[in-house]
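# Tertiary structure, described
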Amino acid sequence: AIAKALETKLSELHTRIEELGLAEQKLALEQAEMEQRETASRKALAALKQSQQQRRGALDDVAKRGQDREAELKRARADQARVEQLLESLRRALKDSPNKFERGTPFKNLRGRLPWPLRGPLLARFGSTKGDGPLTWSGWWIQADTGTPVRAVADGRAVYVGWVQRYGLVVILDHPGPYLSLYGHLETSSIEVGEIVNAGTALGRAGNSGGHERSGVYFEIRQGTNAIDPKPWLAP
């Protein structure tokens, strides 16, 4: 009887040990699953934070681009205003000046027959928008290799040779009648203020002065201070 009772106790003990072993295995599995869930949760949280940071960064970039664009637009408007002020001061100075250039054929009679200041593809046309707007081009930007001669489109007198922000090195000629021609982005100039030139005279050489990556010449025709489209004036 004692042996039977002992055997029963041992059997119960083995059963209990097995139950404890199974419980430990279950607990280990549950703990592993919990750790996996925690790891996945941490990864999801990290991914969410990264996404939020990227979104904030993208919004900051958009805001910065907007601020940069607004600042760039203000600078462009200020630079354009300087050119307009320069041309207005030249107009006033030339209005009653004895040095007003009136020699040769009136400029208006040369419409459609003017030679190009240089030949090349157009990078910008009169009236087209600058970048995303709202400013527009007041003339033609003609592409050419640096050093290409830039020539006067008609007889005239040099009334300005100097630097203008964004336009770089600029030469402005006075022509018979209330007309001016402007040549910008020059690398060098070869004439001085007051000098009289003939059509085809080299005024300087094409370049990228004014902070541009591409070289050429920026060309305008002005009637008084009003910019007019060069297309109907220049020979085909």
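Summarised in this report is the structure supplied together with it.

Here the focus is the overall build of the protein chain. Within the protein chain one finds 1 helix and 10 strands. Each helix and strand of the protein chain, placed in order from N terminus to C terminus, yields the pattern α-β-β-β-β-β-β-β-β-β-β. Rg of the C-alpha trace for the protein chain: 39 Å, well past the compact-globule value of 18 Å for 236 residues, more than 25% over. In terms of principal-axis extent, the alpha carbons of the protein chain reach across some 145 × 30 × 30 Å. A separation of at least 24 residues holds for 67% of the contacts in the protein chain among residues at least 6 apart in sequence. For the protein chain, the separation between the mean place of its 35 positive charges and that of its 29 negative charges on side chains is 9 Å.

A few words on the pattern of salt bridges. Going through the model one piece at a time under the given rule, you end up with 2 salt bridges. With a shortest N-O distance of 3.1 Å, arginine 222 and glutamate 84 are connected by a salt bridge. Of the two residues, arginine 222 sits in strand S9 (residues 216-223) while glutamate 84 sits in helix H1 (residues 2-95), which places them 138 residues apart along the sequence. Assessed through its relative accessible area of 29%, glutamate 84 is described here as partly exposed. Across the pair glutamate 220 and arginine 222 runs a salt bridge whose closest N-O atoms are separated by 2.8 Å. When sorted by exposure, glutamate 220 lands in the same class as arginine 222, which is buried. A single network of salt bridges, built from pairs that share partners, joins Glu84, Glu220 and Arg222.

This structure, assessed with the given rule, holds 8 aromatic pairs. On the basis of an interplanar angle of 50° and a centroid distance of 5.7 Å, the ring pair of tryptophan 137 and tyrosine 218 is categorised as tilted. Here tryptophan 137 is found in the loop between strand S1 (122-124) and strand S2 (140-143), whereas its partner tyrosine 218 is found in strand S9, with 81 residues between them in sequence. In this pair, the class of tryptophan 137 matches that of tyrosine 218, namely buried. Geometrically, the ring pair formed by tyrosine 183 and phenylalanine 219 is tilted, given 5.4 Å between the ring centres and 50° between the ring planes. Here tyrosine 183, found in strand S6 (residues 179-189), pairs with phenylalanine 219, found in strand S9; they are 36 residues apart in sequence, far enough to count as distant. Its relative accessible area of 0% is what places tyrosine 183 among the buried residues. A connected cluster of aromatic rings, assembled from ring pairs, spans Trp137, Trp141, Tyr167 and Tyr218. Over the ring of tryptophan 137 we find lysine 130; its NZ or CZ atom is 4.9 Å from the centre of that ring.

Moving on to the nonpolar core. Leu114, Leu173, Tyr183 and Leu203 are the most contacted members of the largest nonpolar core, which has 29 residues in total. If you list the elements that add at least two residues to this core, you get S2, strand S5 (168-175), S6, strand S8 (202-206) and S9. Grouped together as the second largest cluster of nonpolar side chains are 17 residues, Val83, Leu87, Val170 and Leu182 included.

With respect to the element layout, asparagine 226 can be found in strand S10 (residues 226-228). Residues asparagine 226 and glutamate 84, spaced 142 residues apart in sequence, show a C-alpha to C-alpha distance of 9.1 Å.

Our focus in this paragraph is a nonpolar patch on the surface. Together, Leu6, Leu10, Leu13 and Ile17 make up a nonpolar patch on the protein surface, roughly 370 Å² of accessible area in all. By the element assignment, leucine 10 lies in helix H1.

A regular strand places its side chains so that they alternate between the two faces of the sheet. Taking burial as the measure, the 8 residues of S5 include 8 buried ones, the bulk of the element. Pairing of strand S4 (residues 156-164) with S5 involves 7 bridges; the strand directions are antiparallel. Directly across from valine 164, in S5, lies its bridge partner glycine 168. Here S4 folds back onto S5 in antiparallel fashion, the turn holding 3 residues, of which arginine 166 has a positive phi close to 75°.

Now for the environment of glycine 139. Along the chain, the position of glycine 139 falls in the loop between S1 and S2. On a C-alpha basis, the gap between glycine 139 and valine 83 in space is 13 Å, while along the polypeptide they are 56 residues apart. With residues near it in sequence (within four places) discarded, glycine 139 still touches Ala124, Arg125, Phe126, Tyr218, Phe219, Glu220 and Pro230.

Calculation notes
- Residues numbered from 1 in each chain as written.
- Predicted model: local features only at pLDDT ≥ 70, side-chain atom pairs only at ≥ 80, totals over all residues.
- Heavy atoms only, no water.
- Helix = DSSP H or I, 4+ residues; strand = E, 2+ residues; numbered from the N terminus.
- Rg over C-alpha atoms; globule rule 2.2 N^0.38 Å.
- Contact = heavy atoms within 4.5 Å.
- Lys, Arg positive; Asp, Glu negative; His and termini not counted.
- Charge placed at Lys NZ, Arg CZ, Asp CG, Glu CD.
- Salt bridge = Lys/Arg side-chain N within 4 Å of Asp/Glu carboxyl O.
- Buried < 20%, exposed > 50% of the residue type's maximum accessible area, 1.4 Å probe, protein only.
- Phe/Tyr/Trp six-rings, centres within 6.5 Å; stacked < 30°, edge-to-face > 60°.
- Lys NZ or Arg CZ within 6 Å of the ring centre and 35° of its normal.
- Core = buried A, V, L, I, M, F, W, Y, C linked by side-chain atoms within 4.5 Å.
- Patch = residues over 30% accessible without salt bridge, like charges linked within 9 Å, V, L, I, M, F, W, Y side chains within 5 Å.
- Areas by Shrake-Rupley, 256 points an atom, 1.4 Å probe, with all protein chains shown as cover.
- Pairing = 2+ DSSP bridges.

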